[in-house]
Amino acid sequence: MQTKNNNMRENDLIQNQEPAQVSVIIVNWNAGDLLEKCISSLFLQTVLPDEIIVVDNFSTDNSIKIIADKFTSVRIIQLDKNIGFAAANNIAINDSSLSCRWVVFLNPDAFPDTQWLEALLRASRRHSEHTIFGSRLMVANNNNVVDGVGDVYHFSGLVWRSSHGMSLRPEDLLERDIFTPCAASAMFRKDILIAAGGFDEDYFCYVEDVDLGFRLRLMGHKCLFVPDSVAYHIGSAITGKRSDFSVYHGHRNLVWTYVKNMPGILFWLFFPFHLLLNLLSIIWFSVRGQGKVILRAKLDAISGLPKIWMKRKIIQSKRVVPIFDLLFWLDKTIIPIFRR
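Given the structure is predicted, the values throughout are model-derived calculations rather than measurements.

(A) View of the pairing of strand S6 (residues 132–139). With seven of eight residues buried, S6 is to be regarded as a mostly interior element. When S6 meets strand S11 (residues 185–189), the two strands line up antiparallel, connected through three bridges. In the strand pairing of S11, Phe133 is matched with Met187. Pairing between S6 and strand S12 (residues 223–233): eight bridges, direction parallel. Following the sheet pairing, Phe133 is matched in S12 by Leu224. Here S6 runs beside strand S7 (residues 146–148); their pairing, made up of two bridges, is antiparallel.

Spelled out as structure tokens, the structure:
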């Protein structure tokens, strides 16, 4: 794999000589200066990606103009409306080079360390049995605080980023299997993305990465956490943390993810806990003054269940993982239901 000298200029983006063939995909929507900083970090990598694709969801700021002027080798796909994070990523996956073996998703508010991509590729060579690789996300403004070391899926349907908001610990530096990666910085083998149908575009955004990872795990794929692949993540820099937008999409999509993916007997065994989770969510956000948005999220989730149930049938027909193997990967503690 060709290695980059520190003084290499932007226009030296070239095809790697080994068949890694990496496409980095960034979905942009009014990311402003963050997008420029994100892409600049890609040209400082010790191993360069073969191509960088930016899909712009009809931004109204000047973020894309800056990129087009400054980084001429970056491929830009401009859309005439905002179709969401999930659909935009699918467009880029299908538009990536035919020789592309690996697809790396990167948020515009995530800034990779110089060895970020090299570490992911090294891990893929050491662990050929894995097809998904997740980075270690650190809080951008506090490098000693973890933003996430992979996504956790609770048996109730609740999801969260492992170690989020905690000081960096020794266990956060250990390479290990995780349930799913956060798509703010994650590498997938392209062929499995296509086989799984990519992201579910009905999600628009939020939890779509957990849903994709869950589906791939049911299909027998495994995900490895790569602690040496580091990206500094702001998180919800554009949509806002706990905004009505994020609450609506996140809590609607939590329901759909559980219904689609939880297999067989586990679906009915944990269903009472899933109902409890949704009830507690309604109470909690109502107390916070977001009662209307959480109710709308849950009502829209219910109205979409006929379509989701049809998707469930297809997903479960592709499941090869035994139920008890999946049970091992679910978080089975009780306290997080209330603490999160």
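From this point, the narrative continues.
(B) Spotlight on the pairing of strand S1 (residues 22–28). Extensive coverage of S1 is indicated by the burial of seven of its seven residues. Of the two faces of S1, the one holding Val22, Val24, Ile26 and Asn28 and the one holding Ser23, Ile25 and Val27 are both buried throughout. For S1 and strand S4 (residues 102–106), the ladder comprises four bridges, and the chain directions are parallel. Residue pairing across strands places Ser23 opposite Val103, the latter belonging to S4. The pairing of S1 with strand S2 (residues 51–56) spans six bridges and is classified as parallel. Each bridged residue has a counterpart across the sheet, and for Val27 the counterpart in S2 is Val55. Note that the unit made of S1, helix H1 (residues 33–42) and S2 has a crossover that is right-handed.

(C) Up close: the side chain of His249. Summarising the element assignment, His249 is placed in helix H7 (residues 244–261). Owing to a relative accessible area of 10%, His249 belongs among the buried residues under this scheme. One polar contact links the side chain of His249 to the main-chain carbonyl oxygen of Phe245, over a distance of 3.0 Å. Excluding residues that lie within four positions of it along the chain, His249 makes contacts with Tyr203, Phe204, Cys205 and Tyr206.

(D) Highlighting a nonpolar patch on the surface. On the surface, a nonpolar cluster with roughly 530 Å² of combined accessible area is contributed by Phe273, Leu276, Leu279, Ile283, Val287 and Ile334. As for its position among the elements, Phe273 is in helix H8 (residues 264–287). By relative accessible area, which is 31% here, Phe273 ends up partly exposed.

Rules used throughout
- Residues numbered from 1 in each chain as written.
- Predicted model: local features only at pLDDT ≥ 70, side-chain atom pairs only at ≥ 80, totals over all residues.
- Heavy atoms only, no water.
- Buried < 20%, exposed > 50% of the residue type's maximum accessible area, 1.4 Å probe, protein only.
- Helix = DSSP H or I, 4+ residues; strand = E, 2+ residues; numbered from the N terminus.
- Pairing = 2+ DSSP bridges.
- Right-handed = clockwise from strand over helix to strand, strands pointing away.
- Polar contact = N/O pair within 3.5 Å; in protein donor to acceptor, adjacent residues only side chain to side chain.
- Contact = heavy atoms within 4.5 Å.
- Patch = residues over 30% accessible without salt bridge, like charges linked within 9 Å, V, L, I, M, F, W, Y side chains within 5 Å.
- Areas by Shrake-Rupley, 256 points an atom, 1.4 Å probe, with all protein chains shown as cover.
- Salt bridge = Lys/Arg side-chain N within 4 Å of Asp/Glu carboxyl O.

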